[in-house]
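Report on the structure
Spelled out, the chains give:
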Amino acid sequence: MKPFITHTGLVLPLDRVNVDTDQMVPKQFLKALTREGFGRILFYDWRYLPGEKPNPEFIMNFPQYKGASVLLTRANFGCGSSREHAPWAIGDYGFRVILAPSYADIFYNNCFKNGILPAELSETQIEELFQRAEKYPGYQLRIDLPNQTVSDNEGLTYKFEIAPSRKEVLLEGLDDIATTLKHEPEITSYEKTHAATATMFDQVDVKNYSAGAP
Amino acid sequence: MTNNANAPSTNAKTLYQKIWDAHVVREEAGQPSIIYIDRHLVHEGTSPQAFAGLRAEGRKVRRPDLTFAVMDHSVSTTDRTLPILDQDAKLQFEALDKNCRESGVRLFDMNSKNQGIVHIIGPELGITQPGQTIVCGDSHTSTHGAFGTLAFGIGTSEVEHVLATQCLVQSKSKTMHIVVSGKRPKGVTAKDIILAIIGKIGIGGGTSHVVEYAGQAIRELSMEGRMTVCNMTVEAGARAGMVAPDETTFAYLEGRAFVPRGKEFQDAVARWKQLPSDDGAKFDVTVELQAEQIAPQVTWGTNPGMVSGVTARVPDPHDFKDLNDQKATERALHYMGLKAGTPIVDIPVDRVFIGSCTNSRIDDLRAAAHFVEGKHVNKSIKQALIVPGSRGIKAQAEKEGLDKIFTDAGFEWRDAGCSMCIGMNADVLPPNERSASTSNRNFEGRQGRDSRTHLVSPVMAAAAAIAGHFVDVRDFALESVE
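A quick note: this is a predicted structure, and the numbers were derived from the prediction, not measured.

Let's shift gears to the overall build of chain A. If you tally the helices and strands in chain A, you get eight helices and nine strands. Overall, the C-alpha framework of chain A stretches about 65 × 45 × 25 Å when taken along its three principal axes. The proportion of buried residues among the 214 residues of chain A is 40%. Across chain A, the fraction of contacts at a sequence separation of at least 24, relative to all contacts at a separation of at least 6, is 70%.

This is the structure we're talking about:
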């Protein structure tokens, strides 16, 4: 995964609360076999009219927000379905940072697996950023992860909180699985005392591919 | 909501804490823990990229014997002997079969007699048992918490992580105690309880918490009802929902395919009896509701927290103090094609869907069949679908003659799957049409682009099918409702 240190980019203000992951990636795009190419369909039903014509009323289609990489939005962003296709789409579109007062748990977690920083600011701070995004054309923000700051060119700087372990994952671009597998002996030792099994006592109609299982 | 953060600490443990402690593989101060996963459930929609990731790194599935796969999201609910026309869905089914075959994972494919929605068949076959940790790449994994398990949804990267390590890296959640006291009135179901809870705490109200449910109204629910409550806990933003196991739990589990027999079962029950939260165990937050005050619920907006009792009217955006709520309500009413002040019972319905991992169990079908017996679906209804959660439930319902009651009343009797809850197969709600749906999400476009979803209980959906609009089921003869 690509490490995240600092990022400066154009802000796209998406002024809605409780944006759910069904909006980011509607169901018909969940039949993919790969993680690639979801940027084109991000916010599909909002972004496109039937026939895939860009909806001129949706903010992502406004010319002044072309190339935006900082998504400014409202509370409980990413609620609903666990689909990781949502952060795949956000990342593939080009967003590297999300700024919101709060996030849904599964979505928040999924962002870190994809090198996206979901930074949490207070409601008041987010409101101020919305006002500035409207006031200054081409409004940009600089996000500094080591120092945990968000700042603009007008003298504003906000601190944000992030769990140290989350921060490390982004800074180092860590592969979680490799990190966990460093503790493989502990997993094996746990399995010796905690005998998790799934024995079938009555025959059920299942393709039993597990013949070689331990 | 009461914040108990300052309550004196004791050694008494919550159910959540007990399961957590029993699954810690590695703990380190200031770091998230590595916890062991007892059951990993997999479906075709969120797993292909995880298996591909494993393959790319040359990794193997660590415990195929603890992993169970099922085809549910995109399966047809009509004739499965016909060729699959949706090529993307077909490729996903083939990928799941290949991935299971190569890694030795047991698979309930679409032709299995035990096929069904992942969160239905886990409990139905006894794969789900108290005290376990269960994950699946699906947010409604919270369903399994009804058995006193710690069960939650994960993203595809974490699916890959669990496949490779049988573990997850987790930080401990905060705890929320939701106590529903008193006796549930007739016509008020588990679905109404959970919708009322979400209406009260909001769709972000449970964020970063694990919920434990308690109180008389929860205790008196069947396992099916408890599963409905835990299923929709994620719609309040919580990580997981749980109900402590009791005699109802043990009676449900005894004799199921993956549940031990005889002495082994008795030993398991003895262990499971140790799981309930200790007296005096401390929760971060407590929420209290009175069951007697809960009416049958109907959602009017575009998230499950936009909900009212059936006797209410569609709210006015200006009823809300917060500007963001006002804007969201205005937008929701526009999307839903509703006018503020309209009585809920005056809202006409185009289609009815009884199904999904929330409400497609045998109890749900019995309640709906009981209501519609001898009645007929209203002429104004374009389609009324009954989609059992599993083929096991379908067979049971047919044994009881429920299918006949439904088809005589004008409902379509379908095969098992996720169906119109998510519309990944052909069961899609058309644009601008309105459903009475027993599913879990009324988000914009959830059942089909520009479709309008109202979430209700099975008996409320059945009643809407008969009347052509929402009705208060409590107005019907008491023998019609359970």
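A few words on the sheet that holds strand 9 (residues 167–170) of chain B. Each strand in a sheet pairs with another by means of backbone hydrogen bonds, the pair being arranged parallel or else antiparallel. Taken together, three strands build an open sheet; the order of strands is 2-3-9 (chain B) and the sheet is antiparallel. Single-partner strands in this sheet number two, and they are strand 2 (24–26) and strand 9 of chain B. The mean angle between the axes of side-by-side strands here comes to 40°, regardless of whether they run parallel or antiparallel. Direction of pairing for strand 2 of chain B relative to strand 3 (residues 33–36) of chain B: antiparallel, over a ladder of two bridges. Across the sheet, residue Val 24 of chain B finds its bridge partner in strand 3 of chain B, namely Ile 35 of chain B. The sheet strands contacting helix 8 (residues 184–193) of chain A are strand 2, strand 3 and strand 9 of chain B, and the helix crosses strand 2 of chain B at an angle near 150°.

In this section: helix 6 (residues 190–201) of chain B. Residue and element names in this part refer to chain B. The terminal C-alpha atoms of helix 6 lie 17 Å apart, and with 12 residues this matches the ideal 16 Å at 1.5 Å per residue to within 8%. By the criterion of burial, helix 6 is predominantly enclosed, with 11 of the 12 residues buried. Residues Ala 190, Lys 191, Asp 192, Ile 193, Ile 194, Leu 195, Ala 196, Ile 197, Ile 198, Gly 199 and Ile 201 constitute the buried set of helix 6. Trailing helix 6 by a residue or two, Gly 202 shows a phi angle of about 90°, which is positive.

Residue and element names in this part refer to chain B. Following both chains from N to C, one finds helix 12 (residues 362–372) and helix 15 (residues 458–467) inclined at 30°, their axes separated by 8 Å at the closest point. Taken together, the axes of helix 12 and helix 15 lie roughly parallel to each other. Handedness of the helix 12/helix 15 crossing: right-handed. Facing Asp 364, Ala 367, Ala 368, Phe 371 and Val 372 of helix 12, the residues of helix 15 in contact are Pro 458, Val 459, Ala 461, Ala 462, Ala 463 and Ile 466. Residues of the contact of helix 12 with helix 15, tallied by class, amount to 10 nonpolar, no polar and one charged.

Our focus in this paragraph is the sheet that holds strand 7 (residues 140–144) of chain A. Residues and elements named next belong to chain A. Strands sit in the order 6-5-4-1-7-8-9 across an open sheet of seven strands; the sheet is mixed. The strands lining the two open edges of the sheet, one partner per strand, are strand 6 (117–120) and strand 9 (157–159). Averaged over all adjacent pairs, the angle separating strand axes in this sheet is 25°, with direction ignored. Strand direction decides the pairing type here: strand 5 (residues 97–100) and strand 6, joined by four bridges, are parallel. If you follow Ala 100 over to strand 6, its bridge partner there is Glu 120.

Residue and element names in this part refer to chain A. In the Ramachandran plot, Phe 43 falls in the positive-phi region, its phi being about 55° despite a non-glycine side chain. Here Phe 43 is to be found in the loop between helix 1 (21–24) and helix 2 (44–47). Positive phi, normally seen in glycine, also occurs at Gln 148, with a value near 55°. Tracing the sequence through the fold places Gln 148 in the loop between strand 7 and strand 8 (149–151). You can call Gln 148 partly exposed: it has 14 C-beta atoms within 10 Å.

What counts and how
- Residues numbered from 1 in each chain as written.
- Chains lettered and ligands numbered in written order.
- Predicted model: local features only at pLDDT ≥ 70, side-chain atom pairs only at ≥ 80, totals over all residues.
- Helix = DSSP H or I, 4+ residues; strand = E, 2+ residues; numbered from the N terminus.
- Buried ≥ 20, exposed ≤ 12 C-beta atoms within 10 Å, placed from the backbone.
- Contact = placed C-beta atoms within 7 Å.
- Pairing = 2+ DSSP bridges.
- Axes fitted to C-alpha atoms, helices over the stretch in contact; angles between N-to-C directions.
- Expected span 1.5 Å × (residues − 1).
- Parallel < 35°, antiparallel > 145°, perpendicular 65-115°, else oblique.
- Left-handed = near helix turned anticlockwise from the far one by under 90°.
- Nonpolar A, V, L, I, M, F, W, Y, C, P; charged D, E, K, R; others polar.

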